[in-house]
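Secondary and tertiary structure notes
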Amino acid sequence: MTFRASVVLCVVFCCQSVIVPAYADPVNPSRVVDASTYSAGGDFKVDSGQTVVVDFSHAPQGLQVGGNIVNNGTLFAVSTNAQQNYANFLASNITNGTGAVFTTNLPASGIDGFASAIANLNLSLSAVNNIVNQGVLSSAGSLSMTAGGSISNVLPQGVAGLTPVMQAINTMNLNAAGLVNSGLITANTGNINILSQL
């Protein structure tokens with residue numbers, strides 16, 4: 001694994017295990033969102049205890065949110081279209097809360113209604129301002145994050161919890177004005193490329 005960066009002010013670790021939520025039965029989501037037809041204004045929220053699936057099978061433009069994306073539950077991005085192998089999320093700010101899971105890694109038990117989902121879906125997050133990860137943010141393929149402000153992989157001050165994780169099976173690309181990490185950043189088989197102005 002190699003690291004490329006203008007300046008890197010963080011510690012980056014590597015591991016080979018893949019972090020995927022374990023379920024005994026196929027996941028029955030609380031809500032399914034079709035990214036190709038999503039048009040609601042304001043914030044896109046997943047509450048604690050909820051499991052939301054966003055379907056990118058016919059959404060090359062991605063899921064575009066006028067406000068913020070705030071995940072405090074479990075958010076699976078999926079595609080059943082091999083030609084659409086990127087899940088693109090675009091918002092003002094993107095926050096994955098403490099203990100939350102934001103992933104394209106499919107559980108071994110599967111997801112109801114998505115038996116033919118592709119297994120190596122890439123994940124891309126773009127924020128006008130900041131991307132904050134306090135939970136598990138992972139991709140079954142490559143993981144790309146771009147923020148006009150900062151990317152942080154840190155628990156909130158004074159909050160105890162599991163170490164925040166950013167993980168890609170393949171390559172990870174991080175591009176932001178600032179980068180703060182006190183968690184785990186891994187790319188199992190590819191490079192971690194960091195571009196930061198810090």
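Residues numbered from 1 in each chain as written. Predicted model: local features only at pLDDT ≥ 70, side-chain atom pairs only at ≥ 80, totals over all residues. Heavy atoms only, no water.

Helix and strand counts for the chain stand at zero helices and 18 strands. Within the chain, the fraction of its 198 residues that count as buried is 50%. Long-range pairs, those at least 24 residues apart, make up 63% of the contacts in the chain between residues at least 6 apart in sequence. Accessible surface for the chain amounts to roughly 8,600 Å². Of this, 51% is attributable to carbon and sulfur atoms. (Helix = DSSP H or I, 4+ residues; strand = E, 2+ residues; numbered from the N terminus. Buried < 20%, exposed > 50% of the residue type's maximum accessible area, 1.4 Å probe, protein only. Contact = heavy atoms within 4.5 Å. Areas by Shrake-Rupley, 256 points an atom, 1.4 Å probe, with all protein chains shown as cover.)

Here we take up the side chain of Asn96. Here Asn96 is to be found in strand 9 (residues 94–96). Under the relative-accessibility criterion, Asn96 is labelled buried at 1%. When neighbours within four sequence positions are excluded, Asn96 is seen to be in contact with Asn71, Val101, Phe102, Val132, Asn133, Gln134, Gly135, Val136 and Leu137.

Take the packing of aromatic side chains next. According to the stated counting rule, one finds three aromatic pairs in the structure shown. Taken together, the ring pairs connect Phe56, Phe89 and Phe102 into an aromatic cluster. Of note, Arg31 hangs over the ring of Phe44, and the distance from its end group to the ring centre comes to 5.4 Å. (Phe/Tyr/Trp six-rings, centres within 6.5 Å; stacked < 30°, edge-to-face > 60°. Lys NZ or Arg CZ within 6 Å of the ring centre and 35° of its normal.)

Attention now moves to the pairing of strand 13 (residues 136–139). Of the two faces of strand 13, both are covered, the one formed by Val136 and Ser138 as well as the one formed by Leu137 and Ser139. Here strand 13 pairs with strand 15 (residues 165–168) via four bridges, running parallel. Across the sheet, residue Ser139 finds its bridge partner in strand 15, namely Ala168. (Pairing = 2+ DSSP bridges.)

Here seven strands make up an open sheet; going across it, the order is 2-4-7-10-13-15-17 and the pairing parallel. Since the sheet does not close on itself, it has two edges, and those belong to strand 2 (31–34) and strand 17 (184–187), each with one partner. Direction aside, neighbouring strands of the sheet carry axes that sit 10° apart on average. (Axes fitted to C-alpha atoms, helices over the stretch in contact; angles between N-to-C directions.)

Time to look at the confidence of the model for the chain. When pLDDT is low, close inspection of the predicted coordinates is not appropriate. Scored by pLDDT, the chain comes out at a mean of 88, with 86% of its residues at no less than 70. Contacts of residues 1–16 to residues separated by more than four positions or lying in other chains number 43 contacts, the stretch itself having pLDDT below 50. (pLDDT = per-residue confidence, 0-100.)

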